[in-house]
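Each chain, written out:
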Amino acid sequence: MARRKFVCGNWKMHKTGQEALQLVKDLVQRLSGASAQVGIAPPFTAVAQVKWALSQARSPLQLFGQNCHHEKQGAFTGEVSALMLKDAGCDGVILGHSERRQLFGETDEGVARKVKAALAEGLHPIVCVGETLQEREAGRTWEVVSRQMRAGLAGLDTGAVQKLTIAYEPVWAIGTGRNATAAQAQEVHGQIRGLLRELGGAAAADAVRIQYGGSVKPDNAAELLGQPDVDGALVGGASLKAEDFAKIVEAAR
Ligand code: PEP
């Protein structure tokens, strides 16, 4: 089954409202003819402005949050719920990013709660998994990735699994300029596809897009995206420059 490629830009903690508007304007122009599905994940403070700009331009670009809390509302200072992201115009949300796991103590179980909360609001979750360099060098890549997958997808029925995107992001490749080779990415993506079959059935394994993330740049995107089980990319640094991001989207053609 041919899966439509899906490229999402994770802006992390970058861009003020004005800067975000400029970047979106540039992206909308450059990506008007894109055949891939494209998402952007600005910081929470810029979500409403970006939504407004996308609506004005009638752009098909999708809007993602970078995280959410699993409760709808409550005394959780500094947090934002899936309900609030939906209300602000988001189409989906990135969950379990390695920076959330490493710097903010997110657990596999916490990610699973967030996935359920996002699905309950009709948001499209991008669930991030990936091993550290130490884990890879110890030969534990699949042990770690499969644990994150099993825990993150726990309790989801096959219909719910089909609504996810999985982002395989080796932690050692994020923001380092050192991307996984196409063969390394394909190996893990193929294993993830097999596990999706076990967890969600053949239809889910066919439907779910598995993005690669970790130092994707215009000059390595085509090779990575050319692998049979690499269905797109989650892009950090290179998504902050419209020209680079547009080239990556083009490589997903
Ligand atoms: C990311 O943060 O999801 C990411 C892949 O970052 P970068 O592209 O900068 O490595």
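Let us look at the structure shown here. From a predicted model like this one, the values you see are computed outputs, not experimental measurements.

## Comments concerning unusual backbone geometry
Item 1. For K15, which is not glycine, the phi torsion reads 85 degrees and is therefore positive.
Item 2. With phi around 55 degrees, S215 is a residue other than glycine that occupies positive phi space.
Item 3. Mapped onto the elements, S215 comes out in the loop between β7 (209-213) and α10 (218-225).
Item 4. Taking the relative accessible area as the measure of exposure, S215 reaches 8% and is therefore buried.

## Some details on the pattern of salt bridges
Item 1. Summed over all chains, the structure comprises 16 salt bridges.
Item 2. Where D26 meets R30, a salt bridge forms, and the shortest distance between an N and an O atom there is 2.8 Å. Linking D26 with R30, this pair stays in helix α1 (residues 17-30), spanning four residues, or about one helical turn.
Item 3. D229 is paired through a salt bridge with R193; the nearest N and O atoms lie 2.9 Å apart.

## Some points on the nonpolar core
Item 1. Counting residues in each nonpolar core, the largest one holds 68 residues, and the members touching the most others are I166, I192 and L196.
Item 2. With seven residues, helix α9 (residues 182-207) is the largest single contributor of residues to this core.
Item 3. In contact with I192, other than residues within four places in its own chain, are V129, W142, V145, M149, I166, Y168 and I210.
Item 4. Within the second largest apolar cluster, nine residues are counted, among which are F6, A41, I126 and L234.

Cut-off values and rules
- Position numbers for residues start from 1 in each chain and track the written sequence from start to end.
- A pLDDT threshold of at least 70 governs which residues receive local features in this predicted model, and a stricter bar of 80 or more applies before side-chain atom pairs are shown or counted, although totals over entire chains, interfaces and linings include all residues.
- Working from all heavy atoms in the structure, the side-chain values ignore hydrogens and water.
- Each helix corresponds to a stretch of at least 4 residues labelled H or I by DSSP, and each strand to a stretch of at least 2 residues labelled E; elements are numbered beginning at the N terminus.
- Only protein chains enter the accessibility calculation, which uses a 1.4 Å probe; a residue is then buried when its area is under 20% of its type maximum, exposed when over 50%, and partly exposed in between.
- One side-chain nitrogen of Lys or Arg within 4 Å of one carboxyl oxygen of Asp or Glu is enough to make a salt bridge.
- We define a nonpolar core as any set of buried Ala, Val, Leu, Ile, Met, Phe, Trp, Tyr and Cys residues linked to one another through side-chain atoms lying within 4.5 Å.
- Note on contacts: a residue pair is in contact if any heavy atoms of the two residues lie within 4.5 Å.

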